[in-house]
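# Fold and contact review
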Amino acid sequence: THGFRPINGVTGCDPADDHNHGTHIAGTIGARGNNGQGVVGVNWQVKLMGLKFLNTNGIGTTSDAIAVLDYA
């Protein structure tokens, strides 16, 4: 899977980033250097897992937040 997403009681494997914030943060953390792209992260060897519990409006439940932590 590509990650984990329980939102409103519906569980899925696609933690698609609605507003690009998670994508931006993931790049800041794990962008590899020395590849001619002009961007470098703080850890080139990191493995990231997409976990999402907020909907497109930024609203989520405590139970969904717990579900992503349990998944991790």
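To start, this report covers the structure provided alongside it.

Cut-offs and rules
Residues numbered from 1 in each chain as written. Predicted model: local features only at pLDDT ≥ 70, side-chain atom pairs only at ≥ 80, totals over all residues. Heavy atoms only, no water. Phe/Tyr/Trp six-rings, centres within 6.5 Å; stacked < 30°, edge-to-face > 60°. Helix = DSSP H or I, 4+ residues; strand = E, 2+ residues; numbered from the N terminus. Buried < 20%, exposed > 50% of the residue type's maximum accessible area, 1.4 Å probe, protein only. Pairing = 2+ DSSP bridges. Contact = heavy atoms within 4.5 Å. Axes fitted to C-alpha atoms, helices over the stretch in contact; angles between N-to-C directions.

Counted under the stated rule, the structure contains 1 aromatic pair. On the basis of an interplanar angle of 5° and a centroid distance of 4.4 Å, the ring pair of Phe4 and Tyr71 is categorised as stacked. Taken together, the residues span a long stretch of sequence, with Phe4 in strand 1 (residues 3-7) and Tyr71 in helix 2 (residues 62-71) at a distance of 67 residues.

Looking now at the pairing of strand 1. Two faces belong to every sheet, and in a regular strand the side chains alternate between them. For strand 1, the buried fraction is high: 4 of the 5 residues fall into the buried class. Across 2 bridges, the pairing between strand 1 and strand 3 (residues 50-51) is parallel. Of the residues in strand 3, the one forming a bridge with Gly3 is Gly50. Pairing geometry for strand 1 and strand 2 (residues 10-12), over 3 bridges, is antiparallel. Pairing of Ile7 across the sheet is with Val10, part of strand 2. Adjacent in sequence and paired antiparallel, strand 1 and strand 2 are bridged by 2 residues, among which Asn8 carries a positive phi angle near 55°.

With that out of the way, let us pick up the sheet that holds strand 2. If you trace the 3 strands from one edge of the open sheet to the other, you get 2-1-3, paired in mixed fashion. Every interior strand has two partners, whereas the edge strands, strand 2 and strand 3, have only one. Helix 2 contacts strand 1 and strand 3 of the sheet and is inclined by roughly 160° relative to strand 1.

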